[in-house]
Amino acid sequence: MILINHPNINIIATKYADDLFKQFENKRGIITRILEILLSTGNYDKNIHVNKGLPALKLILNQTELQIPKGKTKNDKTDILYHNIDMHRIRADKRSKCNRRIRYNFIETQLKLIFNSNSLKKLFSAEIGELKKLDQLFIDGGKLDSRVYAYFFDYEKYYKTLNKYIGQELGIICCPYCNRNYITYVSSDDERRIIGPTYDHFFNKSTYKFCALSFFNLIPSCYVCNSNLKNRINFDLTTHLYPYTDEFGKNAFFDFDLKLVNTSAEKKIIFKPTIKLINGISPEDELKLIGKKVDKKGQVTGSIKVFKLQKIYESHYDTVEEVHEKFDANSPYYIKSIKEKLKLMGVGEKEFYRFHFHNYYDNSDFHKRPLAKLTKDIYAKMEQIQKDTSTGI
C-alpha cells in the first residue's frame, strides 16, 4: 500500500549480502575443518568453535543427537564435540572406512552445490525481478539435501542479521502492507530484539526456497498482515503490489461516504472511508490492487483484497471526521492566511500540514506514521472541496 523507501537502500542490501555470505563461508569453513579431521588419522588441534561445531558435526554424521561421553553431561559441550569426532574418524577396518567416506564425500559434494556457483552472494542482494531465475539456477545445480538446506538457508537462524539491516537500518516504522500498525524495531542493551517487524516472503519460501534470505524478497511487516492475512497466499509481481517498487500512489485513493449508524444513545452520521481507483487505470494495475472477481482455488489476487483494506479502514472513520472538522471549523480564508503567514516565516505547506493534521505530507514519508495515506487523501479531497466552494463550482 505504501512504498518502502530509504535513500541508501541498495547500500544496505549490499552490506546485508556481504554479512550473510560471510556467515555462510564461516559455516562452510567449520564443516570443512571437521571433515579434514574425520578423514585424517594423525593428531589434530582442538580449536573448533564448540557452539558452531556441534550443529556442523550433527549434519556431517546425519544425526539429531550426539553421544555424551561417560561421566559427562549435556552441558559438557567441548567433551561431547571431540568425543564424537574421535568416534567417527576414518578407521582401519574397510567397512567402517568405506561407509564413512561415502557420507563425508556426500557432504563435500553438497557444499559444492551451494558454493561453486558465483551466484550465492548475488542471491542475497538481487532485485526481485532476478530472484526466480536465481532460484532455478540453484535447483538446476543439483538436489540439495533437506538437512544441508536447513543448516544454511533456514532464515530463522539469521534473525539477528535480518533485524540489523531490515528491521533497524532500513528504518520502516509502519507496516507497508496496511500503513496502520507500528513495526518499530527496539532492542535490549545486549542487542536482543524486544519488538519489531516480522519478515514476509513476497515470493513464498516454500515455492522459492532459495530466496528465503534474499533482501528484496523480505518485506518488513506487521504480524497481522504477514501471518493472519497473507500467510501462505502466493504473491507475484503481476498480481499484487510489491512494496519496494509499488504503492497506492495515484492509482488508488481514500475517499469517504456519509453513513447513518445506530449507537446505543442516538443515530449518528459517520464519515465512512472508502478506497477508490482512478478512472482509466490500466488493467495491470487494477489486477494488482483489487484482483480478479473470481480467484483460483488457493489464490487471492489484489493487495486490497488480500489485506482486507476496505473493511479494515472502515473502522478509521474518526480520522476522516477529524480532518473534515478541521476544514469545516475554519474558513478557507483563515487556512489560506495561516499558510501565507507561515510562508513569510520560511515555513511551507508541509510544516503547516504536520502542525495542523499531525501526519506526513510526502508519499516518501508515509512509512513513518500510521494512517498517513488516509489522512493525506482526505486532506486533498477537503482542500479541493474548499477551492470548488470558494470559486462557486
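In this text, all values refer to a predicted model and were calculated from it rather than measured experimentally.

Moving on, we come to the overall build of the chain. Broken down by element type, the chain carries 16 helices and six strands. A compact globule built from 393 residues should have a C-alpha radius of gyration of about 21 Å, whereas the chain, at 28 Å, is more than 25% larger. Its C-alpha atoms give the chain principal-axis dimensions of roughly 100 × 45 × 45 Å. Classification of the 393 residues of the chain by burial places 44% in the buried group.

The share of residues in the chain with pLDDT of 70 or more is 94%, and the mean pLDDT across the chain is 90. Averaged over each element, pLDDT in the chain is lowest for helix H14 (residues 332-344) (69) and highest for strand E4 (residues 218-221) (98).

Below, the discussion takes up a nonpolar patch on the surface. Nonpolar side chains collect at one region of the surface, where Val186, Ile194 and Ile195 lie side by side and expose about 250 Å² of accessible area between them. As for its placement among the helices and strands, Val186 is situated in strand E1 (residues 186-187). The class for Val186 is partly exposed, based on a relative accessible area of 33%.

You will see that Asn231, though not glycine, has its phi angle at about 50°, which is positive. Mapping Asn231 onto the fold places it in the loop between helix H9 (223-230) and strand E5 (252-262). For Asn231, a relative accessible area of 46% translates into the label partly exposed.

All right, on to the environment of Lys376 then. Looking at the secondary structure, you find Lys376 in helix H16 (residues 372-390). Given the relative accessible area of 15%, Lys376 is considered buried. When neighbours within four sequence positions are excluded, Lys376 is seen to be in contact with Tyr353, Tyr361 and Phe366.

Packing of helix H1 (residues 9-38) against helix H2 (residues 50-61) leaves a shortest axis separation of 9 Å and a crossing angle of 65°. Classified by chirality, the crossing of H2 by H1 is right-handed. Where H1 abuts H2, its residues Ile30, Ile31, Ile34, Leu35 and Leu38 lie against Lys52, Gly53, Ala56, Leu57, Leu59 and Ile60. Here the residues of the contact of H1 with H2 are counted per class, giving nine nonpolar, one polar and one charged.

Let us now look at the packing of aromatic side chains. Under the defined criterion, the tally for this structure stands at 36 aromatic pairs. When the ring of Tyr177 is compared with that of Phe307, the centres are 4.4 Å apart and the planes differ by 25°; the resulting orientation is stacked. Highlighted residues: Tyr177 in the loop between helix H8 (159-169) and E1 and Phe307 in the loop between helix H11 (303-306) and helix H12 (309-313), separated in sequence by 130 residues. For Phe307, a relative accessible area of 1% corresponds to the buried category. With a centroid separation of 6.4 Å and 80° between ring planes, the pair formed by Phe352 and Phe357 is classed as edge-to-face. Each member of the pair Phe352 and Phe357 is classed as buried. Here the aromatic cluster, defined as three or more aromatic residues joined through ring pairs, consists of Tyr16, Tyr165, Tyr177, Phe202, Phe203, Tyr208, Phe215, Phe216, Phe235, Tyr242, Tyr244 and Phe307. The side chain of Lys209 reaches across the aromatic face of Tyr149, ending 5.1 Å from its centre. Across the ring face of Phe235, the terminal group of Lys230 is positioned such that the distance to the ring centre comes to 4.6 Å.

By size, the foremost hydrophobic cluster in this structure holds 108 residues, and its most contacted members are Phe24, Ile31, Phe152, Phe153, Leu213, Phe215 and Phe248. If you tally residues by element for this core, the top one is H1, at 14 residues. With residues near it in sequence (within four places) discarded, Phe24 still touches Ile114, Phe115, Leu120, Phe124, Phe152, Phe153, Tyr158 and Leu213.

Along its 12 residues, H2 runs 16 Å from first to last C-alpha, staying within 8% of the 16 Å computed at 1.5 Å per residue. Burial in H2 covers these residues: Val50, Gly53, Leu54, Ala56, Leu57, Leu59, Ile60 and Leu61. Positive backbone phi, at 60°, marks Asn62, one or two positions downstream of H2.

What follows deals with helix H3 (residues 77-87). Among all positions in H3, only Ile80, Leu81, Tyr82, Asn84 and Ile85 are buried. Tucked inside the fold, the buried residues of H3 contact H1 and H2.

About the cut-offs
Residues numbered from 1 in each chain as written. Predicted model: local features only at pLDDT ≥ 70, side-chain atom pairs only at ≥ 80, totals over all residues. Heavy atoms only, no water. Helix = DSSP H or I, 4+ residues; strand = E, 2+ residues; numbered from the N terminus. Rg over C-alpha atoms; globule rule 2.2 N^0.38 Å. Buried < 20%, exposed > 50% of the residue type's maximum accessible area, 1.4 Å probe, protein only. pLDDT = per-residue confidence, 0-100. Patch = residues over 30% accessible without salt bridge, like charges linked within 9 Å, V, L, I, M, F, W, Y side chains within 5 Å. Areas by Shrake-Rupley, 256 points an atom, 1.4 Å probe, with all protein chains shown as cover. Salt bridge = Lys/Arg side-chain N within 4 Å of Asp/Glu carboxyl O. Contact = heavy atoms within 4.5 Å. Axes fitted to C-alpha atoms, helices over the stretch in contact; angles between N-to-C directions. Left-handed = near helix turned anticlockwise from the far one by under 90°. Nonpolar A, V, L, I, M, F, W, Y, C, P; charged D, E, K, R; others polar. Phe/Tyr/Trp six-rings, centres within 6.5 Å; stacked < 30°, edge-to-face > 60°. Lys NZ or Arg CZ within 6 Å of the ring centre and 35° of its normal. Core = buried A, V, L, I, M, F, W, Y, C linked by side-chain atoms within 4.5 Å. Expected span 1.5 Å × (residues − 1).

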